[in-house]
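Take a look at the letters that make up each chain.
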Amino acid sequence: MRFTFLLVASLVLASLAYQPASAQRVKSAAFSYLPETRTDRYNQRVSRKALPLPDGGFLILAHQTADQYAVERYDADLKRRWSTALPLGAGEVVDGFSQSTEQATVVIYQNTAGTQRLVAYTLGLADGRKNPAQKLVEANTRDRRPGVAFSPDGSRLVAWRYLTQSNQIKAISASVYDEKLQKLKDRSYDFHDQGDFFSVTVHVGNDGTQFVTLAGDQMKKLSVRRYRNDSPDVKVMSVSVGGTFSGKVVNIFDSRFVLRPDNTLYAAAICNERATGLYHSLKLVKFDFAVENDMKFAPEVLLAADYLAEVNKAVGGTPAKRLEDVYLTDVLLTDDKQVVVLAEKKYEESGEGSPGHTRELHLFGYNEFLTPSWRSIVAKDQVAPAADGYSSIGYRAAVFGSEVQLLTWETLKGKSDLYLRRLNVPAGVVSEPKGLGLNVAADQNLAYVKDFTAWLDPKTIIGVSRPSKKSAALMLNKIVLK
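In the annotation of an unreviewed UniProt entry, the protein is listed under the name S9 family peptidase and assigned to Hymenobacter terrestris.

Take the pairing of strand β20 (residues 248-259) next. Inspection of the sheet shows strand β19 (residues 243-245) paired to β20 by three bridges, in the antiparallel sense. Directly across from Gly243, in β20, lies its bridge partner Val250. Counting the residues that bridge the hairpin from β19 to β20 gives two residues, and of these Ser246 lies at a positive phi of roughly 50°. Summarising the sheet, β20 and strand β21 (residues 265-273) pair through nine bridges and their orientation is antiparallel. Along β21, the bridge assignment pairs Val258 with Tyr266.

This next bit is on helix α1 (residues 305-315). All buried positions along α1 are accounted for by Tyr307, Leu308 and Val311. Seen along its axis, α1 keeps its buried residues to an arc of 100°; they face one direction. Exposed residues lying more than 90 degrees from the buried face of α1 are Ala305, Asp306 and Lys313. Packed against the buried residues of α1 are β24 (301-302), β27 (356-366) and β28 (372-378).

This brings us to the pattern of salt bridges. Two side chains carrying opposite charge are able to pair once their charged atoms lie near each other. Per the counting criterion, the structure on display carries 21 salt bridges. A salt bridge links Asp55 to Arg73, with the shortest nitrogen-to-oxygen separation between them at 2.7 Å. Residue Asp55 is found in the loop between β3 (50-52) and β4 (58-65), and its partner Arg73 is found in strand β5 (residues 68-74); the two are separated by 18 residues along the sequence. For Arg145, the salt bridge identified is with Asp95, shortest N-O distance 2.6 Å. Here Arg145 is found in the loop between β10 (134-140) and β11 (147-150), whereas its partner Asp95 is found in strand β7 (residues 92-99), with 50 residues between them in sequence. Among the residues examined, Asp95 registers a relative accessible area of 7% and is labelled buried. What you see here is one network of salt bridges that share partners, running through Asp55, Arg73 and Arg81.

Turning our attention to the packing of aromatic side chains. According to the stated counting rule, one finds eight aromatic pairs in the structure shown. Its end group placed over the ring of Tyr109, Arg145 keeps NZ or CZ at 3.8 Å from the ring centre. Residue placement shows Lys346 over the ring face of Tyr390; its charged tip is 4.8 Å from the ring centre.

Structurally, Pro132 can be placed in the loop between β9 (115-124) and β10. Among the residues examined, Pro132 registers a relative accessible area of 68% and is labelled exposed. Taking the C-alpha atoms as reference points, Pro132 and Val106, 26 residues apart in sequence, are found 12 Å from one another.

This part takes up the sheet that holds strand β17 (residues 221-227). If you trace the four strands from one edge of the open sheet to the other, you get β15-β16-β17-β18, paired in antiparallel fashion. What marks the edges here is a single partner per strand, and that holds for β15 (199-204) and β18 (234-240). Ignoring strand direction, the axes of neighbouring strands in this sheet form an average angle of 15°. For β15 and strand β16 (residues 210-216), the ladder comprises six bridges, and the chain directions are antiparallel. Among the inter-strand pairings, His203 is bridged to a residue of β16, identified as Phe211.

Looking now at the side chain of Asp417. Relative to the elements of secondary structure, Asp417 occurs in strand β32 (residues 415-424). No salt bridge forms around the buried Asp417; measuring N to O, its nearest opposite-charge neighbour Lys415 is 8.4 Å away. A distance of 3.0 Å separates a polar side-chain atom of Asp417 from the backbone nitrogen of Leu438. A distance of 3.5 Å separates a polar atom in the side chain of Asp417 from the backbone nitrogen of Asn439.

Here we come to unusual backbone geometry. Even without being a glycine, Asn263 presents a positive backbone phi close to 70°. Following the sequence through the fold, Asn263 ends up in the loop between β20 and β21. Of note in this structure, Lys413 is not a glycine but carries a positive phi near 50°.

Right, let's get into the side chain of Asp254. Position of Asp254 relative to the elements: it lies in strand β20. No salt bridge is formed by the buried Asp254; its nearest oppositely charged neighbour, Arg256, is found at 6.2 Å. In this structure the side chain of Asp254 is engaged in a polar contact, spanning 2.7 Å, whose partner is the backbone nitrogen of Leu328. Among all residues touching Asp254, those that are not within four sequence positions of it are Ala268, Ala269, Ile270, Tyr327 and Leu328.

This next bit is on the confidence of the model for the protein. Mean pLDDT over the protein works out to 89, with 91% of the residues at or above the 70 mark. Counting interchain partners and residues more than four positions distant, the pLDDT-below-50 stretch residues 1-29 has 97 contacts.

Once that is clear, we can look at the sheet that holds β10. Strand order in the open sheet formed by four strands is β7-β8-β9-β10, and the pairing between neighbours is antiparallel. This sheet does not close on itself; its edge strands, each paired only once, are β7 and β10. With direction set aside, neighbouring strand axes in the sheet form an average angle of 20°. Bridging between β9 and β10 involves six bridges; their strand directions are antiparallel. Residue Thr115 lies in a different strand from β10, and its bridge partner there is Asn140.

Scoring rules and cut-offs
- Residues numbered from 1 in each chain as written.
- Predicted model: local features only at pLDDT ≥ 70, side-chain atom pairs only at ≥ 80, totals over all residues.
- Heavy atoms only, no water.
- Pairing = 2+ DSSP bridges.
- Helix = DSSP H or I, 4+ residues; strand = E, 2+ residues; numbered from the N terminus.
- Buried < 20%, exposed > 50% of the residue type's maximum accessible area, 1.4 Å probe, protein only.
- Arc of directions from axis to C-beta.
- Contact = heavy atoms within 4.5 Å.
- Salt bridge = Lys/Arg side-chain N within 4 Å of Asp/Glu carboxyl O.
- Phe/Tyr/Trp six-rings, centres within 6.5 Å; stacked < 30°, edge-to-face > 60°.
- Lys NZ or Arg CZ within 6 Å of the ring centre and 35° of its normal.
- Axes fitted to C-alpha atoms, helices over the stretch in contact; angles between N-to-C directions.
- Lys, Arg positive; Asp, Glu negative; His and termini not counted.
- Polar contact = N/O pair within 3.5 Å; in protein donor to acceptor, adjacent residues only side chain to side chain.
- pLDDT = per-residue confidence, 0-100.

Shown next as structure tokens:
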């Protein structure tokens, strides 16, 4: 089923408290959207399809038909500057979307004729002119799926393929490119020392430096390897976050690495007990290779009985007997280098094809020295049909100064709307949710597409929603907060 968007030029809120918002439509434009049809709807390759631009405008990656995407640019007045079609053939899927100061880049995954391939298109920001596709990496169809990552500013990307033996990763072969897709370096990352149970991710900095991050040593250790393009030397930092504590073996259950524009890297890990699966603690580490291999390890935050009691008190209802289905979702850094780690309860109702749920947010605050300073649980209860996956539920977050804004789609006190919460990071105080006055439809049809949510500045949000059950049309809204 295809939905039609209306591009709404301005929604000016009368107040952050929930009440009907005043709005003025100065321009609208039809906008086609076709929901994704992935095999695994809960693991999105591209979860952000609206990217802000420095001039106040934004780019959109739109799935228009079964065999075509388009990249479109809108200015600060929501006038469409250009639209460039990206036809997709059989076996092709969009795998990456980013922008730099001069261009947008879209990475396409191809799987045809026994070969997996990642190719990239670049489009000039000025006019949307599309350059011919360029191959980034190629692998046999029997190999693991190749991967790609962009630098924080979009000026570099790294594409890689896995080299395996008996289905176990032994090495990664990677190529680093600049924003014009000129190859800067070919690299090989060796993992023969990692045994048979580890996870690995590749990141690239704005200068092309690669950071290979691992959860290894039988899922007990977090490691980072730094590879520069101008030196054969490899710098390594690692820290054990698991082990045996009070006779109980503790492993990494979930981990998340975030590379900052200054090439510092933060790693968060939730650890649990191997035998029981009980959550044990949250660990946070900062890796800074610029200061002669400086690594800071934050004191652990225990996730034991006391923490479970806090969660039950915040959420209400029938008390949970244990923490379950809580996964790391963000590691955010404020301007004064305070850190917020976010986790969310996410689960499917009863297996394949069942509705998805996202519930409470778990927020952990650290000061600039990585000392835990506060923690908070934000209660929410969201559900979406299996067809939507998590593309309509969960949250979006943005950092401005010392504040984090959290946007969710919920039904509170009978009002289905997009709600904004503000987190004062130094104090750890979360405001009450305030409705944005969009009156989002509350039914089983597509009503909100989180992928298109973006902040143009601290008071301007782009968001997609359907205003009523009677309407089949979605609207791409520009919301101005007062």
